[in-house]
Amino acid sequence: MRLLLLLLLSTTAATAQTTYWQQEVNYTIDVLLNDESHQLYATESIEYTNNSPQSLTEIWFHLWPNAYKNNQTAVAKQLLENGEYKLQFATDTALGYIAGLEFKVNGQAVTVQYDEAYADMCRLVLNEPLLSGQTITITTPFVVKLPNSFSRLGHVGQSYQITQWYPKPAVYDKDGWHPISYLDQGEFYSEFGSFDVTITLPENYVVGATGDLQTKEELAWLTKLADSTAKIIEYDKSDMGFPPSSKKEKKIRYIQNNVHDFAWFADKRYHVLKGEVELPNSKRTVTTWAMFTNGYAKYWKNSLPYLNDATYYYSLWNGDYLYNQVTAVDGALSAGGGMEYPNITVIGKVGSNITLETVIMHEVGHNWFYGMLGNNERAHGWMDEGINTYNEQRYLQTKYPNTTLGESFGLPIKAFGLDKVKAAYNQNVLLYQLVARDNADQAIETPSAAFTPLNYGAIMYGKTGLVFRYLATYLGQDVFDKCMQTYFAEWKLKHPQPEDMQLIFERISGKNLDWFFNDLLKTSNKVDFKLSRARKEKEGLSVTLKNKTAFAAPAFVTAYDKRDSILATQQVAPFSGKSTVNFTQTDIKRVVIDPDGIIPEIATKNNTLQRGRLFPKIEPLSISLLGALERGDKRQLFILPIVGYNYNDGAMPGIALYNHLLPSKKLEWELLPMYGVKSKQLNGTGEIRYKWLPNSVFKTIELSGGFAKFSEFRTSVLLTDVAGNTIDKYSFISQFEKYQAQLSLQLRNKTARSPLKQHIVLRHIQVVNSGFLNDDPFWLDNSAITQKPDNYNELSYTIKNQRRLYPLEAKIDLQQHRDFLRTTAHFTQHFSYNKNKKKGSIQFFAGKYLYNNSSDARYRFYLSDNSDYLYDHALLDRSKISGKFQSKQLVNDDGGFKGFTTTPGSATYMVAINQKIPLPVLPLGVYGSQGFGGNGRYLTYEFGVYLPVASDIFEIYFPLNVSSDLSGLKYGERIRYIFHIEKLNPFDLFKKITE
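Residues numbered from 1 in each chain as written. Predicted model: local features only at pLDDT ≥ 70, side-chain atom pairs only at ≥ 80, totals over all residues. Heavy atoms only, no water.

Brief notes about the overall build of the protein chain
Next up, step 1: Along the protein chain, the regular secondary structure elements total 16 helices and 49 strands.
Next up, step 2: The dimensions of the protein chain, computed from C-alpha atoms along their principal axes, are 115 × 85 × 75 Å.
Next up, step 3: Taking the contacts inside the protein chain whose residues are at least 6 apart along the sequence as the reference set, 65% of them involve residues at least 24 apart.
Next up, step 4: Here the protein chain contributes 105 positive and 101 negative side-chain charges, whose respective centroids are spaced 5 Å apart. (Helix = DSSP H or I, 4+ residues; strand = E, 2+ residues; numbered from the N terminus. Contact = heavy atoms within 4.5 Å. Lys, Arg positive; Asp, Glu negative; His and termini not counted. Charge placed at Lys NZ, Arg CZ, Asp CG, Glu CD.)

Here's what the structure looks like:
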C-alpha cells in the first residue's frame, strides 16, 4: 500500500508539472493620431492574470517603437547585415520611438529597468509578488513618434501602418520569460487576451483594424464606400495625392477577444470593398473587407474572392476561422510582400493578379499559423511560415493546377523551360536546391534570426512547405488533414511547441515520425535516393533502391509501360541503406523514384532506370537554347551563340556549350569555341568542375580543370628585296594556351550568418606561348615557333569579411616557378558612408621574392600594369602596342597604380598603398597611390579622379598630380581604365547567388 501510495503521488505530481497553462493579458487602449506631427498619444490599461504555478516578481515589456530610435538597435543592426541601409543612415526626423511612459501597477508607481543592450525591452519590478491565480492592472500613458516605413511600423506621408505600437508584456511560459527585441527578419510571440481599442483621428480617414468595429456610424460609412467602390470601372493610378485632413475628428472603437495583437491602418485615399464567405463546417458567415489606393487598384478590384477563398480553404483543411471579419489593406511595407495581424493583413507592392492573390491568401492563412495557433515564431518559425507555405501551395494547386512557373513569374512561358514546370511547389524546390547544392542550407528548426536572408525564404518557408507535402503524401491526405484538424482543435488559442504537434500526428496516424520531426526538421542532412538496379523476376520486376540520406526516410516508386502510362506506384516505408520493391507487372519499361517531385531531394539524376537499354541509368539527351530548369529524366545540353573580341583576334563569333544553369550541379562544364576573324585562329575557353559537399570543416570542395587559347601579340612582317623594296607584307601572330588544374576548399563558418568567407586554393598553371606567320607564302617555313612551357604552382588563402559598412578582404599567395619563388599579400579595407551605399577603399600590397633567378622582365613586381604572366585577366589588347583605346586597359594587381609608370620592376620586394573615395553627390571619385618603385629606392605617387561607370567592373581614371616617373606621357595617353570582363561571366555570377 505504501508503494502504491508513493506511485500515485508521484504520478499526480508529474501530471501537475505538465499541466498546460498560459497567461492572460487584456488591453484597453485609447489612442489619438496627430497626422501633422505623425505621432500617437495614448493611454493603456492592462489586466494581467498570472495563470502560472509560480509567483512573479517582475514583468518584462516590449517597447517596440524604440526599435527605430537610432542605428544601434537590434533591428537596425539586422537590417544592415541583410543589406538594407535606410535605417543606418536615417535622419532624426525619419526615426521613431516611444516616450511618456509612467507605469503603475494597481495605481502605484513601479521601478522600470530598461534592457542594457536594447531600449525596446524593459522590465517592471513589482512592488510585491504577483501570486499564482492573481490579476493586476498595469497602466501607462505613452507617446509614439512614428518612423518612416523602415519595416512594419511607420508612415509614408499620411498613410499609416500602426503595428507593434503599444507597450506589450512579453510571454511567460514553462520556459520562463521571452523578452525579444523587434526584428525585421523574425517575428513574434505574444500572450492571448482581449482588446478594447478606441481610435481618434481626422474624420476622412478610412481605417482597417483588428477586431469588430463597434461604431455604427463608421460601419455604415464604410459600407457606403464599398457600394461606391463596386461601381468604379477605371482607377487613375497617377492620382496618389493625399487630400486635406478633415478638421473634424471621429472616435471609432474596436473589440476583439482571444487574439494576441492589435494592428490598424489608416489612409484617406482608400477605396473599400466588402464581401462575405460561409465557413465550410459551422456554416457561419464571415465579413471580408479590402481597402486600397489607386496605385494598384487594377489588381485590388478583384481581391474579395481572394479573401473569401483563402478563408474558406484554410477553414476546410485546418478548422473554421474563429472571428467575424477578415481585412486586407494596401499599404507601405518594407518587411516582405505582406504582413499578418489578427483579422487583418497589410500587402505591399504587387505586379499581377496572381501575385496579389498569393500574398493575400498567404497572409490570411496566418490567422491560423500563428494567429489562432500562437507558436513562438522567433524560435520555431517553420510552425507558422512553413506550414502556411504548405497550405499556400496546396491552395494554388487546387485553384490553378495548370499554372506554370513562367506564368507565375510573369516571364515568357517558354523561356528556361518554365512552360513545362507547374508553379505550385516547384518554385520552392528550385529555391531549396539553390542553397542546398552549395551546402549553404540550414536546418528547418533554426531560430528565425539565425537564418541567412536567403535561407529565411528558401528553408523556413520553402523547404518546410515541401517537407509537409512529403509528410502528407506519406500519411495520405485524409490522415494528414485529420492530424492538422486535431492539432488545431486541441491547440487553438494556445502556444503549441513542436513536440505537441508531433504527439498529435503520431497519435492520429499511428506511426513513428521521428524521421520527420527530428531528422528532417532538425538537421540539414540532404535527402537523396538512388535506383540501384532492376531485376526481372518470374512474375514482374524486383527494384532495389538505395537511401543515400543520413537517416531513414520513405520513398515512392512508380513503374511505367512503353506508352509511358503508369502501371503502379508503391510506397516504401522509412528505410536506411537499401530496400527492394517488387512489381508484379511484366511490361515495365521505366521505373522512377518520385516522378511527381514530392520528396525534397537534393538531386534527382539518379532516380530513373530505363529497361531495355545498354546503359539503363543514363537519361535521354535534351538540347535547348540558352538553358532550362533541371530535369531528372534528361541529360541536358545548353547552347548559346556568343561573340568575343580582342584587338589581336578581332571579332570572335562562337558558341557556348554547357550543361548547367540553376541550381548548380556536382559536375558542371562549359566549352566556348570561338573563331578569330582577324587572326583566323580557333580560340576559346573551357572548364570542368566537380564539387563535393562534405560534412566537415569544409563547406565545399571543388576540383576543376580548364583551358584558354587566344592571340596576345600581332605585328607586321615585311618581305623586301636586296634593295630594300617591300615585296610583300605578312602578319606575325603570337598566341598563348593556358591549362589549369585547381583544388578549391571553402571553409565552413561557425554560424551561417557570419560574414566571413574563407578559401584555400591550390592550382597548377601551364602556359604555352607560340608564334607564326599568318597567310605566309608556301615557300617560307611556316612551322610555328613554340617556347618552352612555363609551369606555375600556386597556394593561396583568401579571407573576406563581407560585413556591410566596413567589409575587408585579405589574400596571401605563394607562387613557385622553376626560376623563382615569391609571396604576396593584399589587404583591402572598404567603407560605406551614406545611404546610397557608396563604398571607398584602402588597399595595401606587399610582395617579396624569396629567390629569383630569372632575367625575364615578366617576373618582377610592378607598381602598375602587372604583366599577367598567369593569364588570369581578360584583356582587350594584351600586347598594349596598338596605341588604341584597347591598349589603355590596365591590370590592377601588385602595386595597384592606375597610371602608367616607367619605374622598373623589382626582382626583390615592393610595397604600395592605394585609396579610392567616391564623392557623396557627384558620380565621380578621387584616387591616390603611393609605393616604393624599382628596388625600393624612391617613393612614387599619383592622385586623380575616376569615373565608376560600373563600380569595380568598368572605371576610367584621370590623373591630376603624379610623380616625375609617371608624367612622361601626353595627358591623353595617361588616361587609363579597368574593365574586369571576367566579372561578367554568367557562370561565375550564378555561383555568387548563395554567397
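Focus: the sheet that holds strand 12 (residues 168–169)
Next up, step 1: Read from one edge of the open sheet, four strands run 7-8-3-12, paired in antiparallel fashion. At either margin of the open sheet sits one strand with a lone partner, and together these are strand 7 (111–114) and strand 12.
Next up, step 2: When strand 3 (residues 56–62) meets strand 8 (residues 121–130), the two strands line up antiparallel, connected through six bridges. Across the sheet, residue Glu58 finds its bridge partner in strand 8, namely Val125. (Pairing = 2+ DSSP bridges.)

Quick notes on a positive patch on the surface
Next up, step 1: Together, Arg533, Lys546, Lys578 and Lys617 line one region of the surface with positive charge.
Next up, step 2: Within the secondary structure, Arg533 sits in strand 25 (residues 529–537).
Next up, step 3: Residue Arg533 is classed as partly exposed on the basis of its relative accessible area, which comes to 45%. (Patch = residues over 30% accessible without salt bridge, like charges linked within 9 Å, V, L, I, M, F, W, Y side chains within 5 Å. Areas by Shrake-Rupley, 256 points an atom, 1.4 Å probe, with all protein chains shown as cover. Salt bridge = Lys/Arg side-chain N within 4 Å of Asp/Glu carboxyl O. Buried < 20%, exposed > 50% of the residue type's maximum accessible area, 1.4 Å probe, protein only.)

Section: the sheet that holds strand 27 (residues 553–560)
Next up, step 1: Ordered by their spatial adjacency, four strands build an open sheet running 28-27-30-31, and the pairing between neighbours is antiparallel. What marks the edges here is a single partner per strand, and that holds for strand 28 (566–575) and strand 31 (608–610). Sheet twist, expressed as the mean angle between neighbouring strand axes with direction ignored, is 15°.
Next up, step 2: Alignment of strand 27 against strand 30 (residues 590–593), held across four bridges, turns out to be antiparallel. Along strand 30, the bridge assignment pairs Thr558 with Val592. (Axes fitted to C-alpha atoms, helices over the stretch in contact; angles between N-to-C directions.)

Thoughts on unusual backbone geometry
Next up, step 1: For the peptide bond that leads from Leu662 to Pro663, omega is -5°, which places it in the cis range.
Next up, step 2: Within the element layout of this structure, Pro663 appears in the loop between strand 34 (650–658) and strand 35 (667–676).
Next up, step 3: Of note in the backbone geometry, Asn343 takes a positive phi value of approximately 75° without being a glycine.
Next up, step 4: Here Asn343 shows up in the loop between strand 23 (338–341) and strand 24 (344–347).
Next up, step 5: At Asp564, a position not held by glycine, the phi torsion is positive, near 65°.
Next up, step 6: Inspection of the secondary structure puts Asp564 in the loop between strand 27 and strand 28.

Regarding the packing of aromatic side chains
Next up, step 1: Applying the stated rule across the entire model yields 57 aromatic pairs.
Next up, step 2: Note on Tyr456 and Tyr461: the rings are 5.7 Å apart at their centroids and 65° apart in plane angle, and the pair reads as edge-to-face.
Next up, step 3: When the centroid spacing of 5.0 Å and the interplanar angle of 80° are considered together, the rings of Phe516 and Phe517 count as edge-to-face. For the pair shown, Phe516 and Phe517 are each scored as buried.
Next up, step 4: Among the aromatic residues, those joined into a cluster by ring pairs are Trp382, Tyr390, Phe468, Tyr470, Tyr474, Phe480, Phe505, Trp515, Phe516, Phe517 and Phe556. (Phe/Tyr/Trp six-rings, centres within 6.5 Å; stacked < 30°, edge-to-face > 60°.)

Concerning the packing of helix 8 (residues 385–399) against helix 12 (residues 477–491)
Next up, step 1: The contact between helix 8 and helix 12 brings their axes to 14 Å, and the two run at 135°. Relative to helix 12, the element helix 8 is oriented oblique. At the point where helix 8 passes helix 12, the crossing takes the left-handed sense. Two secondary-structure elements touch here, helix 8 through Ile387, Tyr390 and Arg394 and helix 12 through Gln477, Phe480, Asp481 and Met484.
Next up, step 2: Taken together, the residues of the contact of helix 8 with helix 12 break down into four nonpolar, one polar and two charged. (Parallel < 35°, antiparallel > 145°, perpendicular 65-115°, else oblique. Left-handed = near helix turned anticlockwise from the far one by under 90°. Nonpolar A, V, L, I, M, F, W, Y, C, P; charged D, E, K, R; others polar.)

Things to note about the confidence of the model for the protein chain
Next up, step 1: For the protein chain, per-residue confidence averages 90 on the pLDDT scale, and 91% of positions sit at 70 or higher.
Next up, step 2: Taken as a whole, residues 1–17 scores under 50 in pLDDT and shows zero contacts with residues more than four places along the chain or in a different chain.
Next up, step 3: Within the model, the stretch residues 777–782 combines pLDDT values under 50 with five contacts to residues more than four positions away or in other chains. (pLDDT = per-residue confidence, 0-100.)

Brief notes about the environment of Tyr341
Next up, step 1: Mapping Tyr341 onto the fold places it in strand 23.
Next up, step 2: Accessibility expressed as a relative area gives 5% for Tyr341, which makes it buried.
Next up, step 3: For the pair Tyr341 and Phe713, spaced 372 residues apart in sequence, the C-alpha separation works out to 67 Å.
Next up, step 4: With residues near it in sequence (within four places) discarded, Tyr341 still touches Arg152, Thr163, Gln164, Asp261, Ala263, Phe265 and Asn367.

Focus on helix 11 (residues 453–475)
Next up, step 1: The end-to-end C-alpha separation of helix 11 is 32 Å, in line with the 33 Å expected for 23 residues at 1.5 Å each.
Next up, step 2: Of all the bends found along helix 11, the most pronounced is centred on Lys463 and spans about 30°.
Next up, step 3: Of all 23 residues making up helix 11, 18 are buried, and the element is well covered by its neighbours.
Next up, step 4: Of the residues flanking the end of helix 11, it is Gly476, one or two places downstream, whose phi is positive at about 95°. (Expected span 1.5 Å × (residues − 1). Bend = angle between axes of the 7 residues up to and from the residue.)

Some remarks on a nonpolar patch on the surface
Next up, step 1: A surface patch of nonpolar side chains, about 450 Å² in accessible area, is lined by Leu667, Ile688, Tyr690, Trp692 and Leu703.
Next up, step 2: Of the residues forming the nonpolar patch, the biggest block, three residues, is contributed by strand 36 (residues 681–692).
Next up, step 3: Counting through the fold element by element, Leu703 comes out in strand 37 (residues 698–720).

Some details on the pattern of salt bridges
Next up, step 1: Using the criterion set out here, one finds 35 salt bridges in the structure.
Next up, step 2: When the shortest N-O distance is used, the salt bridge between Glu670 and Arg689 registers 2.8 Å. Highlighted residues: Glu670 in strand 35 and Arg689 in strand 36, separated in sequence by 19 residues.
Next up, step 3: Exposure remark for Arg689: the relative accessible area of 2% places this residue in the buried category.
Next up, step 4: Taking the shortest distance from any N to any O, the salt bridge between Lys738 and Asp872 comes out at 2.7 Å. Here Lys738, found in strand 38 (residues 726–747), pairs with Asp872, found in the loop between strand 44 (839–852) and strand 45 (909–918); they are 134 residues apart in sequence, far enough to count as distant.
Next up, step 5: Residue classification places Lys738 among the buried residues on the basis of a relative accessible area of 10%.

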